[in-house]
Amino acid sequence: MSANRQKTFAAAAALAYVEDGMTLGLGSGSTAEIFVRLLGERIKDGLRIQAVATSNQTAELAQEVGVPLIDVDHVNHISVTVDGADEVDGHFQLIKGGGGCLLREKIIAHASDLMIVVIDESKLVSRLGRFALPVEVDRFGFSITAKQIYDVLRACGIAKPDVQLRRKGDGLEPFVTDGGHYILDCACGAIPDAAMVDYRLKALPGVVEHGLFIGLARVVIVGEDTEARVLEL
Ligand SMILES: O=C(CO)[C@H](O)[C@H](O)COP(=O)(O)O
């Protein structure tokens, strides 16, 4: 069955958490985009909400489908954020950033009363690390930072980390985030202690943010072939 169908079940189930008058955080990526489109339909039917977007791409889509956006610096309170993920483990720890939006996604998730993650079944893992961990870094001295990240990952028990600068589709130019930073994709294989990696990466001066989301998600909605399964912490 298609991942797209599963993503649609998950995104549709997240609408049950949306109430009139809320300010929502809108995640990024294909599953979050399905949610934004469904939200746009609800708004046409009379739902009244406002939203902040976690990427320029999501902001453009929200405008296209009629979801009212508010400037992030004019937001007092975010009730619910709905976002996708690249991996989710049994403790609701996530790897995010496959789309390169992890910094804004983490800022908004952290500021929200509730983060809901919407995924297809393929994203559930017993241990994080099969998906390369994205780390957003300042462009200045990124090669130095890459070496430091390698050393941190080794010190965290990852035997052979592979740290690669993310490039655009053409493979020539580095990928640049909405915030103007580079992404280093760190293939780890498996991450034995995600909390330690989180702590030690954040201590590096060149690291702006990384894609480990720990202690943020409280609801995970897994799209399956015929329905969505709602997991709550
Ligand atoms: O973290 C993200 C973007 O930075 C996305 O949420 C993540 O990559 C999942 O995307 P998709 O729903 O397309 O599989």
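The rules behind these values
- Residues numbered from 1 in each chain as written.
- Predicted model: local features only at pLDDT ≥ 70, side-chain atom pairs only at ≥ 80, totals over all residues.
- Heavy atoms only, no water.
- UniProt positions renumbered as here; feature names shortened; annotations may be inferred.
- Helix = DSSP H or I, 4+ residues; strand = E, 2+ residues; numbered from the N terminus.
- Contact = heavy atoms within 4.5 Å.
- Axes fitted to C-alpha atoms, helices over the stretch in contact; angles between N-to-C directions.
- Parallel < 35°, antiparallel > 145°, perpendicular 65-115°, else oblique.
- Left-handed = near helix turned anticlockwise from the far one by under 90°.
- Nonpolar A, V, L, I, M, F, W, Y, C, P; charged D, E, K, R; others polar.
- Pairing = 2+ DSSP bridges.
- Buried < 20%, exposed > 50% of the residue type's maximum accessible area, 1.4 Å probe, protein only.
- Near = heavy atom within 4 Å.
- Polar contact = N/O pair within 3.5 Å; in protein donor to acceptor, adjacent residues only side chain to side chain.
- Areas by Shrake-Rupley, 256 points an atom, 1.4 Å probe, with all protein chains shown as cover.

Looking now at the UniProt feature "active site" (unreviewed entry) in the protein chain. In this numbering, the UniProt entry assigns the feature "active site" (unreviewed entry) to Glu-105. Here Glu-105 shows up in helix H4 (residues 102-110). Residues contacting Glu-105, with those up to four places away along its chain left out, are Ser-28, Thr-54, Asp-83, Lys-96, Gly-97 and Phe-213.

It is the contact of helix H2 (residues 30-44) with helix H3 (residues 56-65), at a shortest axis distance of 9 Å, that shows an interaxial angle of 25°. As summarised for this structure, H2 and H3 are arranged roughly parallel, according to the angle between their axes. In this structure, the crossing between H2 and H3 has a hand that is right-handed. Residues Glu-33, Val-36, Arg-37, Gly-40 and Lys-44 of H2 form the contact with H3, whose own contacting residues are Gln-57, Thr-58, Leu-61, Ala-62, Glu-64 and Val-65. In terms of residue class, the contact of H2 with H3 is built from 4 nonpolar, 3 polar and 4 charged.

This part takes up the sheet that holds strand E12 (residues 217-223). Read from one edge of the open sheet, 6 strands run E2-E1-E3-E6-E12-E13, paired in mixed fashion. Here the strands that pair on one side only, and so sit at the sheet edges, are strand E2 (50-53) and strand E13 (228-232). Between one strand axis and the next, the sheet turns through 20° on average, direction left out of account. Where strand E3 (residues 78-83) meets strand E6 (residues 112-120), 5 bridges bridge the pair, whose relative direction is parallel. Residue pairing for E6: Thr-81 is matched across the bridge by Met-115. Its contacts with the sheet put helix H1 (residues 3-14) on E3, E6, E12 and E13, and the angle it makes with E6 is roughly 155°. Strand contacts of H2: strand E1 (23-26), E3 and E6, with the helix running at about 145° to E1, the strand carrying the most contacts.

On to the pairing of E6, then. Counting buried positions along E6 yields 8 of 9 residues, so the element is predominantly enclosed. Examined bridge by bridge, E6 and E12 share 6 bridges and lie parallel to one another. Paired with Val-117 across the strands is Val-220, a residue of E12.

The immediate surroundings of the ligand are formed by 17 residues, with Ser-30, Thr-31, Asp-86, Lys-96 and Lys-123 found nearest. Separating an oxygen atom of the ligand from a side-chain N or O atom of Asp-83 is a distance of 3.5 Å. Gly-97 places a polar main-chain atom, nitrogen or oxygen, 2.8 Å from an oxygen atom of the ligand. For the ligand, the protein covers 91% of the area, taking 380 Å² as the surface of the free molecule.

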